[in-house]
Structure formats: C-alpha cells, structure tokens
Amino acid sequence: MENAAIEEMFETLGPISIRRMFGGKGIYCDGVILAIEVGGEILLKGDSETAAELEEAGARQWAYDGKGKPVKMPYWSIPDSAYDDPDEMARWVKLAYSAALRTKK
C-alpha cells in the first residue's frame, strides 16, 4: 500500500510516520507503533480491551505460521465497513492508538 493512502487512513491522529519492517511497514504516532502493513493489508493494534469489539465487527486477528502452528499477534484486520466510512475508520484508528498506548506502559 502506498504511504499516501496509509497517511490518509490515519489522518485523524495527526502526523504519523511509516517505517519499513520485516518486508512490510510499521505505522507510528508519537513514536508508538499502532498498526502494521503486511502484504498490502493494514492491521491495527488490539489488546484485551478491544479484541472482542474488533472480532464482533468482523475483524480477524493476524497470525503467522510458527513451526507448524499459528502464532497469534496483537494486530487485527480493519472491519470492512470502515473502508467506506471515514468516521468509522477514524474510530478504529483511535482505538488502535489507545491499545498501543496501553501496551507501551
């Protein structure tokens, strides 16, 4: 995904930075990673406070194959409905940033 498109998705947070990592990109706000881009898909940071809400909205938790069994990571797909609704996208982005701040502590 192009950086300009990523910046547009996260514009409600203000300035973000995008850094290359592991063949994808890390998306940061105020030095805190709140999302990653993997294979062209943006995945938002989630935690125990947001996981149920993300799952209920149809998001799926990202996992990779770790020696024959899936290893779940604290990143979630963006609910499909958010792509057509800037206000909903802003809500999910803010929840991801809140989760990232809680995780940082």
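Our structure's up above, just so we're on the same page.
Owing to the predicted nature of the structure, the values given are computational and were not obtained by experimental measurement.

### Details of the overall build of the protein
Then, in step 1: Scanning the protein from terminus to terminus reveals three helices and six strands.
Then, in step 2: When the helices and strands of the protein are read in sequence order from the N terminus, they spell out α-β-β-β-β-α-β-β-α.
Then, in step 3: For 105 residues, the compact-globule estimate of 2.2 N^0.38 gives 13 Å, and the C-alpha radius of gyration of the protein, at 13 Å, lies within 12% of that figure.
Then, in step 4: The principal-axis extent of the C-alpha atoms belonging to the protein is close to 40 × 30 × 30 Å.
Then, in step 5: By the burial criterion, 39% of the 105 residues in the protein qualify as buried.
Then, in step 6: Residue pairs in contact within the protein that sit at least 24 positions apart in sequence constitute 46% of those at least 6 positions apart.
Then, in step 7: Within the protein, the 18 negative side-chain charges are centred at a point lying 11 Å from the centre of the 13 positive side-chain charges.

### Considerations on the environment of D47
Then, in step 1: Mapped onto the elements, D47 comes out in the loop between β4 (41-45) and α2 (51-56).
Then, in step 2: For the pair D47 and S98, spaced 51 residues apart in sequence, the C-alpha to C-alpha distance is 9.3 Å.

### Observations concerning the side chain of E88
Then, in step 1: Structurally, E88 is set in helix α3 (residues 86-104).
Then, in step 2: Despite its burial, E88 pairs with no opposite charge, the nearest such side chain being R91 at 5.2 Å.
Then, in step 3: Among all residues touching E88, those that are not within four sequence positions of it are P79, S81 and A82.

### Notes on the pattern of salt bridges
Then, in step 1: Scanning the model with the defined rule gives four salt bridges in all.
Then, in step 2: R102 is the partner of E49 in a salt bridge, and the nearest nitrogen-oxygen pair spans 3.5 Å. In this pair, E49 is assigned in the loop between β4 and α2 and R102 in helix α3, connecting sequence segments 53 residues apart.
Then, in step 3: Where E53 meets R91, a salt bridge forms, and the shortest distance between an N and an O atom there is 2.0 Å. Of this pair, E53 sits in helix α2 while R91 sits in helix α3; the two residues are 38 residues apart in sequence, bridging distant segments of the chain.
Then, in step 4: Under the relative-accessibility criterion, E53 is labelled partly exposed at 31%.
Then, in step 5: Taking the relative accessible area as the measure of exposure, R91 reaches 37% and is therefore partly exposed.
Then, in step 6: One salt-bridge network, in which partners are shared between bridges, spans D47, E49 and R102.

### Examining the pairing of strand β3 (residues 32-38)
Then, in step 1: By the criterion of burial, β3 is predominantly enclosed, with five of the seven residues buried.
Then, in step 2: Taken together, the five bridges between strand β2 (residues 24-29) and β3 define a ladder with antiparallel strand orientation. The partner of I27 across the bridge, within β3, is A35.
Then, in step 3: Hairpin connection between β2 and β3: a loop of two residues separates the two successive antiparallel strands, and D30 in this loop has a positive phi of roughly 55°.
Then, in step 4: Here β3 pairs with β4 via four bridges, running antiparallel. Residue pairing for β4: V38 is matched across the bridge by E41.
Then, in step 5: In this structure, the hairpin formed by β3 and β4 is closed by a connection of two residues, where G39 is found at a positive phi of approximately 60°.

Thresholds, definitions, all that
- Residues numbered from 1 in each chain as written.
- Predicted model: local features only at pLDDT ≥ 70, side-chain atom pairs only at ≥ 80, totals over all residues.
- Heavy atoms only, no water.
- Helix = DSSP H or I, 4+ residues; strand = E, 2+ residues; numbered from the N terminus.
- Rg over C-alpha atoms; globule rule 2.2 N^0.38 Å.
- Buried < 20%, exposed > 50% of the residue type's maximum accessible area, 1.4 Å probe, protein only.
- Contact = heavy atoms within 4.5 Å.
- Lys, Arg positive; Asp, Glu negative; His and termini not counted.
- Charge placed at Lys NZ, Arg CZ, Asp CG, Glu CD.
- Salt bridge = Lys/Arg side-chain N within 4 Å of Asp/Glu carboxyl O.
- Pairing = 2+ DSSP bridges.

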